[in-house]
Amino acid sequence: MAKAKTVYVCSNCGADSPKWIGKCPSCGEWNTYVEEIVAKEPAGKRVGTGFIRPDGAGPVRPVLLRDITSEEETRIDLGDQELNRVLGGGLVKGSLVLIGGEPGIGKSTLVLQTVLGLKGLRTLYVSGEESSRQLKLRADRIMHENPDCFILCETNLEQIFVQTRNVQPDLLIIDSIQTIYTEVVESSPGSVSQVRECSAAILKYAKESGTPVLLIGHINKEGSIAGPKVLEHIVDTVLQFEGDQHYMYRILRSIKNRFGSTAELGIYEMRQDGLREVSNPSELLLTQNHEGLSGVAIAAAIEGIRPFLIETQALVSSAVYGTPQRSATGFDLRRMNMLLAVLEKRAGFKLIQKDVFLNIAGGLKVNDPAIDLAVISAVLSSSLDISIEPGICMCGEVGLSGEIRPVNRIEQRILEAEKLGFSRIIIPHNNLKGFDTSKCKMQIVQVRKVEEAFRQLFG
């Protein structure tokens with residue numbers, strides 16, 4: 001009989017302690033320690049954990065780095081251009097992918113419609129949250145059908161592995177990892193030890209069998225993946241599915257990717273029949289009824305390898321209270337305060353007694369510094385109550401001395417603006433090295449400082 005051992009584990013970072021602690025010494029959070037019962041296995045019955053080669057040739061031996069052949073990873077085409085690009089070109093065989101997001105944001109819908117769109121690929125969808133009838137109703141709403149998709153409603157990890165040996169799937173989906181439990185650990189599902197042990201066992205299965213596994217995970221109130229941090233460390237890819245439930249757009253970001261770039265971005269539109277890929281987000285992020293309105297500027301931004309034009313909106317009004325308000329949605333508030341200081345110091349516009357509100361249209365969160373010029377142009381347009389002429393877009397990073405700094409991949413920004421019918425673009429000076437402007441039909445204006453940009457916009 002194994003002797004029971006009681007430990008207290010932090011539900012935020014996974015640190016353990018022999019007694020209860022009010023404040024976690026590792027992460028600094030309060031009242032996060034929960035009691036867990038861990039059965040200590042006798043040393044004589046412990047099994048080795050060395051990986052075995054899939055061909056059964058014995059344990060893996062160390063080899064020299066120069067003897068390792070670098071081959072292209074075998075990827076599975078998921079039939080979804082947005083998901084394929086965020087993953088780095090497709091799903092790598094034997095990889096472990098974690099998808100997290102808010103409740104009801106569409107994680108299960110995204111995975112289910114991707115699975116049902118795969119033809120000729122045997123798939124096992126394990127659901128620990130919903131019944132098979134609920135999944136059938138969702139599949140009927142999505143209106144996709146895959147004859148090789150198996151549904152299993154189970155939360156016991158040992159029983160899941162039994163069914164995987166029977167089905168031999170080419171793709172395994174776990175929805176969600178917080179509902180799965182193993183009999184090795186005597187704690188409730190969703191606890192730190194259960195998530196840690198189940199994830200390690202699923203990782204071992206994926207690497208030994210070469211079967212890719214998609215894990216759906218919960219997030220906590222701070223917006224990060226729930227459970228121990230080791231869950232994000234052991235998986236190959238971490239995807240964040242985000243967006244406001246009141247908006248129809250959903251953003252798929254890559255937080256960690258061992259087989260691709262983490263700068264990629266996928267955009268979806270939530271509809272009644274599932275999620276639709278947005279192949280050209282610029283047309284959806286730009287409204288056509290802002291002519292004659294002040295406080296609107298169009299910026300040419302890039303997320304990952306995708307250029308798109310976004311609409312920056314600003315509202316400047318007199319401060320009602322003593323301290324003026326500064327609010328930004330979809331943009332870094334500290335960077336906005338820096339740009340407002342540049343406007344006051346270098347351009348001479350007094351905004352110290354003004355409330356400034358900034359919004360990136362469409363519910364996007366943009367980190368590209370190239371939209372700095374559009375932000376200060378929108379703020380100045382609202383402050384002067386003068387609208388920017390239609391057909392003008394801009395890009396450029398603003399420095400503390402008021403200079404417009406060059407940005408990367410200017411060619412893609414210019415071509416995207418020309419494709420959408422813009423007639424003039426304002427860019428930083430000396431940012432066109434190696435770019436042939438003879439084939440470009442739109443007018444390209446190069447500026448050195450913010451004063452030159454304002455003269456081009458407002459005369």
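So, here's what we can say about the structure. Treat the numbers as computed from the prediction; the structure is a model and nothing was measured. (Residues numbered from 1 in each chain as written. Predicted model: local features only at pLDDT ≥ 70, side-chain atom pairs only at ≥ 80, totals over all residues. Heavy atoms only, no water.)

1. A closer look at unusual backbone geometry
Consideration 1: A cis geometry characterises the amide bond from aspartate 175 onward to serine 176, with omega recorded as 0°.
Consideration 2: In this structure, serine 176 sits in the loop between β9 (171-175) and α5 (192-209).
Consideration 3: The residue glutamine 168 is not glycine, and still its phi comes out positive at about 55°.
Consideration 4: Inspection of the secondary structure puts glutamine 168 in the loop between α4 (157-167) and β9.
Consideration 5: The phi angle at asparagine 430 is positive, at roughly 60°, despite the residue not being glycine.
Consideration 6: Mapped onto the secondary structure, asparagine 430 falls in the loop between β22 (424-428) and β23 (443-447). (Helix = DSSP H or I, 4+ residues; strand = E, 2+ residues; numbered from the N terminus.)

2. Some remarks on the pattern of salt bridges
Pairing between side chains becomes possible if they bear opposite charge and their charged atoms approach one another.
Consideration 1: Counted according to the given criterion, the structure contains 18 salt bridges.
Consideration 2: One salt bridge in this structure joins glutamate 269 and arginine 276, with 2.6 Å as the shortest N-O distance.
Consideration 3: In this structure, aspartate 368 and arginine 413 form a salt bridge, with 3.0 Å as the shortest nitrogen-oxygen distance. In this pair, aspartate 368 sits in the loop between β18 (354-360) and α9 (372-384) while arginine 413 sits in helix α10 (residues 410-419), placing the two residues 45 residues apart along the sequence. Accessibility assignment for this pair places aspartate 368 and arginine 413 in one class, buried.
Consideration 4: A single network of salt bridges, built from pairs that share partners, joins Glu82, Arg85, Glu264 and Arg306. (Salt bridge = Lys/Arg side-chain N within 4 Å of Asp/Glu carboxyl O. Buried < 20%, exposed > 50% of the residue type's maximum accessible area, 1.4 Å probe, protein only.)

3. Side note on the environment of serine 127
Consideration 1: For serine 127, the location among the structural elements is in strand β7 (residues 123-127).
Consideration 2: Taking the C-alpha atoms as reference, serine 127 lies 20 Å from leucine 275; in sequence the two are 148 residues apart.
Consideration 3: With near-sequence residues (within four places) excluded, serine 127 lies in contact with Leu135, Leu152, Cys153, Glu154 and Asp175. (Contact = heavy atoms within 4.5 Å.)

4. Looking at the sheet that holds β23
Consideration 1: Reading across the sheet, the 7 strands line up as β17-β18-β16-β15-β19-β22-β23 and stay open at both edges, with mixed pairing between neighbours. What marks the edges here is a single partner per strand, and that holds for β17 (326-329) and β23. In this sheet, adjacent strand axes meet at a mean angle of 25° when their direction is disregarded.
Consideration 2: Bridging between β17 and β18 involves 4 bridges; their strand directions are parallel. Its bridge partner lying in β18, serine 327 is registered against phenylalanine 357.
Consideration 3: Against the sheet, helix α8 (residues 333-346) engages β17 and β18, with an angle of about 125° to β17.
Consideration 4: Taken strand by strand, helix α11 (residues 450-458) contacts β19 (392-394), β22 and β23, and its axis lies near 145° from that of β23. (Pairing = 2+ DSSP bridges. Axes fitted to C-alpha atoms, helices over the stretch in contact; angles between N-to-C directions.)

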